[in-house]
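# A structural walkthrough
Here is how the chains run, residue by residue.
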Amino acid sequence: RDCGGGGICSHGRERNKCWYCDPVGTLWARANARIRDAIGTENRAGRSTAELLGCDKATFFNHIEAQFVGEMSWERITEIEIDHRVPIGYPGAAGGPPTLDEKVARLDYRNCQPLWAPDNWAKGNRWADPELPELLK
């Protein structure tokens, strides 16, 4: 998987944003961007991606990989999205929009799963996995 040194890889991408050259780093960068989109930079309050996900890069990568089904693989990652089993924007306990604390709890890596992109689009923000631990809801 090594594309050599330098900033741009043989796939024409920044090495740290290339699924083929650095899948662990790219997955982590995507998680970081999703956190920023979900709660905003002002609500991070200095908390790291590892703190908000509840794990390190390798654990997150292995957690996602362990849930691959069928034809899923890192080679097909551009067809796969990382889904939140309980969507970050799913209604909160009070029935309205989720609170910041609820959103932060839903960022936990145990709430993440790989889904084929069309399946994730179909799921949208409409339902949550009923088997998740209460702390993630």
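To start, this report covers the structure provided alongside it. (Residues numbered from 1 in each chain as written. Predicted model: local features only at pLDDT ≥ 70, side-chain atom pairs only at ≥ 80, totals over all residues. Heavy atoms only, no water.)

## A word on the overall build of the protein chain
Looking only at helices and strands, the protein chain has 5 helices and 2 strands in total. Start at the N end of the protein chain and walk to the C end: the helices and strands fall as α-α-α-β-α-β-α. Within the span of the protein chain, comprising 137 residues, buried residues form 41% of the whole. Once local pairs closer than 6 in sequence are excluded, the contacts in the protein chain between residues at least 24 apart make up 61%. Total accessible area on the protein chain stands at roughly 7,600 Å², and carbon and sulfur atoms take up 51% of it. (Helix = DSSP H or I, 4+ residues; strand = E, 2+ residues; numbered from the N terminus. Buried < 20%, exposed > 50% of the residue type's maximum accessible area, 1.4 Å probe, protein only. Contact = heavy atoms within 4.5 Å. Areas by Shrake-Rupley, 256 points an atom, 1.4 Å probe, with all protein chains shown as cover.)

## Looking at unusual backbone geometry
Excluding glycine, residues mostly carry a negative phi; peptide bonds, for their part, are mostly trans. With phi around 50°, Ala 45 is a residue other than glycine that occupies positive phi space. Relative to the assigned elements, Ala 45 resides in the loop between α1 (23-44) and α2 (49-53).

## Here we look at the packing of aromatic side chains
In the structure shown here, the tally under the stated rule is 3 aromatic pairs. Here Phe 61 and Trp 74 contribute two aromatic rings whose centre-to-centre distance is 4.3 Å and whose plane-to-plane angle is 10°, an arrangement assigned as stacked. One end of the pair, Phe 61, is in helix α3 (residues 57-66); the other, Trp 74, is in the loop between α3 and β1 (80-84), with 13 residues separating them in the sequence. The two residues Phe 61 and Trp 74 agree in class, both being buried. Here the aromatic residues Phe 61, Phe 68 and Trp 74 are joined through ring pairs into a cluster of three or more. (Phe/Tyr/Trp six-rings, centres within 6.5 Å; stacked < 30°, edge-to-face > 60°.)

## Focus on the environment of His 11
Residue placement: His 11 occurs in the segment before α1. Judged by relative accessible area, His 11 falls into the partly exposed class, the value being 38%. In this structure the C-alpha to C-alpha distance between His 11 and Cys 21, which are 10 residues apart in sequence, comes to 8.6 Å.

## Quick word on the nonpolar core
Ranked by internal contacts, the top residues of the largest apolar core, which has 23 residues, are Leu 27, Ile 39, Leu 53, Phe 60, Ile 64, Trp 74 and Leu 107. Where this core is concerned, the elements lending two or more residues are α1, α2 and α3. Once residues lying within four places of it in the same chain are set aside, the contact partners of Ile 64 are Leu 27, Trp 74, Ile 82, Cys 112, Gln 113 and Pro 114. (Core = buried A, V, L, I, M, F, W, Y, C linked by side-chain atoms within 4.5 Å.)

## Some remarks on the packing of α1 against α3
Two elements in contact, α1 and α3, have axes whose closest approach is 9 Å; the angle formed by their N-to-C orientations is 95°. Relative to α3, α1 is oriented roughly perpendicular. Taken together, the residues of α3 that come into contact with α1 (itself represented by Pro 23, Val 24, Leu 27, Trp 28 and Ala 31) are Lys 57, Phe 60, Phe 61 and Ile 64. Each residue belonging to the contact of α1 with α3 can be placed in one class, and the counts come to 8 nonpolar, no polar and 1 charged. (Axes fitted to C-alpha atoms, helices over the stretch in contact; angles between N-to-C directions. Parallel < 35°, antiparallel > 145°, perpendicular 65-115°, else oblique. Nonpolar A, V, L, I, M, F, W, Y, C, P; charged D, E, K, R; others polar.)

## Considerations on α1
An ideal rise of 1.5 Å per residue puts 32 Å on 22 residues; α1 reaches only 24 Å between its terminal C-alpha atoms. Where α1 bends most, at Ala 38, the angle is about 80°. Burial in α1 covers these residues: Pro 23, Gly 25, Thr 26, Leu 27, Trp 28, Ala 31, Ile 35, Ala 38, Ile 39, Gly 40 and Arg 44. Taken together, the buried residues of α1 touch α2, α3, β1 and α4 (100-106). Within two residues after α1, Ala 45 carries a phi angle of roughly 50°, on the positive side. (Expected span 1.5 Å × (residues − 1). Bend = angle between axes of the 7 residues up to and from the residue.)

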